[in-house]
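# Working through the structure, step by step
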Amino acid sequence: MRNIRLVLGLLLLLPALCRAETGATVFLDATAAPGAASSPQNIPRDTDAAWARWARLDKGRALTATTASRGLSVRASRFPGGIGIAIANNSGTDAARLRFTVRLPRGLWRMDAALLSPSAALPPLAVRTWRMESALLPAAGPAVKTVSVRSGQTLFVRVTETLVTARAALGEALEAGRASGSAMSGRVARALAPVEQSLDGLPPLVAKGNRAGITKKVHRALLSAAQAQAQWKNERGGTLVSGDEAFDSLMTALSEISCAACNLVPDQTEVVGAGGARSLRISVTNAGSRTVPLLSLGISEEGFAATTEPGDVTVFRQIAPGSKVAATFAVTGPAVHGMVQFIQGMGAAVVPVLPGP
């Protein structure tokens, strides 16, 4: 009799559970011709404008998204080298199991997400950010993601083509060299020439879907970029420190190509224990099909470009396809970022765990 009452109770509860999360779909064709230039009207109402700018909704030109789901407000923009998307759930239901599809041009795409929630504890909005799996598309095709978005929440997704981003970062590093004067300009250009050659060789590998070839070539570029950065720091004058950021950006952009090619998905969670003690749990999932031979996790309290001290890292000899590694670090600083370093050949890639600006 008790089991019968339990079954009846579950049957009565089932309709409520079904109502709690409804299916919703969004489709965006980023290969279509864009419309007018993006404007403030392209930013959903009742959202943090800073996160709309993070998604680059204020850049480029507007794209039209389609959805048959009531209560969803969708905005999108195509900016140079990427696409920004905002999906607001104003349906009034508890949650929408949102399945969104973005048709992208050929490329090696990085995908980052930010979910904004109304919160009295963290006015005006609580934010959760994370990385999604990358998308390697030898030809134009779809990238499909599924996220639960509760009523009142807004999902921002930023999709960036890693090769385009790295090419722009290389241009900034070369410009820093040119601004330093004729003699040093030539030395910087020569030091960065192998990086440019490596980037030139990546598009054919993308067209073949050759992740291993992409990784090998970009880590050669990382080694060359590190040598160029060292030469820059040794020779630059005290008035040229502004150029350091350009070289840091180049190293990060090249590292992001490798992260996307390996399809590594980092994540982090901050935990506050008894007495207010804080710790940061960092994890990396290998969503790719190849083993990464050497990987380390660490923290930085100075920003994405900073390096960690030897005692602040945990080293893993390898991370196999489908596996996950994690480490926990005690933290004290107000702004702490997880960092992931992985080595292929002689070049070392370093990426922030959470998506940066």
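Structural notes, computed from the coordinates.

### Observations concerning the packing of aromatic side chains
Taken as a whole, this structure holds one aromatic pair when the rule is applied. R56 extends its terminal NZ or CZ atom over the ring of F79, reaching a point 5.9 Å from the ring centre. R128 extends its terminal NZ or CZ atom over the ring of W130, reaching a point 4.0 Å from the ring centre.

### Things to note about the environment of T328
With respect to the secondary-structure elements, T328 resides in strand β16 (residues 324–331). We classify T328 as partly exposed; its relative accessible area is 48%. Between the C-alpha atom of T328 and that of E270, which follows or precedes it by 58 residues, the distance is 9.4 Å. Ignoring any residue separated from it by four or fewer positions in sequence, one finds T328 in contact with S279, L280 and R281.

### Some details on the pattern of salt bridges
Here the structure, examined in full by the defined rule, presents eight salt bridges. Notably, a salt bridge pairs D112 with R158, separated by 3.4 Å at the nearest N-O pair. One end of the pair, D112, is in strand β7 (residues 107–118); the other, R158, is in strand β11 (residues 154–161), with 46 residues separating them in the sequence. One continuous salt-bridge network, built from bridges that share partners, spans R110, D112, R131, R158 and E256.

### What about the sheet that holds strand β13 (residues 278–286)?
Sheets are built from strands paired through backbone hydrogen bonds, the pairs being either parallel or antiparallel. Reading across from one edge, β12-β13-β16 is the order of the three strands in this open sheet, with antiparallel pairing throughout. At either end of the open sheet lies a strand with only one pairing partner, and these are β12 (264–272) and β16. Ignoring strand direction, the axes of neighbouring strands in this sheet form an average angle of 20°. Where β13 and β16 come together, eight bridges link them in antiparallel fashion. Residue pairing for β16: V284 is matched across the bridge by V325.

### As for the pairing of β11
The buried fraction of β11 amounts to eight of the eight residues, a majority that puts the element mostly inside the structure. Side chains of β11 alternate between two faces, with T154, F156, R158 and T160 and L155, V157, V159 and E161 buried alike. For strand β5 (residues 82–89) and β11, the ladder comprises seven bridges, and the chain directions are antiparallel. Residue pairing for β11: I87 is matched across the bridge by L155. Examined bridge by bridge, β7 and β11 share eight bridges and lie antiparallel to one another. Bridge pairing in β11 links L115 to L155.

### A look at the side chain of S77
Within the fold, S77 resides in strand β4 (residues 72–79). There is a polar contact of 3.4 Å between the side chain of S77 and the backbone oxygen of R61.

### Observations concerning the sheet that holds strand β18 (residues 347–352)
Taken in spatial order, the four strands line up as β15-β14-β17-β18 in an open sheet, and their pairing is antiparallel. Two strands in the sheet have a free side with no partner beyond their single neighbour: β15 (313–316) and β18. Neighbour-to-neighbour, the strand axes of this sheet turn through a mean angle of 20°, independent of strand direction. Inspection of the sheet shows strand β17 (residues 337–344) paired to β18 by six bridges, in the antiparallel sense. Within β18, the position partnered with M339 by the bridge is P352. The strands touched by helix α6 (residues 211–235) are β17 and β18; relative to β18, the strand with the most contacts, the crossing angle is about 90°.

Thresholds, definitions, all that
Residues numbered from 1 in each chain as written. Predicted model: local features only at pLDDT ≥ 70, side-chain atom pairs only at ≥ 80, totals over all residues. Heavy atoms only, no water. Phe/Tyr/Trp six-rings, centres within 6.5 Å; stacked < 30°, edge-to-face > 60°. Lys NZ or Arg CZ within 6 Å of the ring centre and 35° of its normal. Helix = DSSP H or I, 4+ residues; strand = E, 2+ residues; numbered from the N terminus. Buried < 20%, exposed > 50% of the residue type's maximum accessible area, 1.4 Å probe, protein only. Contact = heavy atoms within 4.5 Å. Salt bridge = Lys/Arg side-chain N within 4 Å of Asp/Glu carboxyl O. Pairing = 2+ DSSP bridges. Axes fitted to C-alpha atoms, helices over the stretch in contact; angles between N-to-C directions. Polar contact = N/O pair within 3.5 Å; in protein donor to acceptor, adjacent residues only side chain to side chain.

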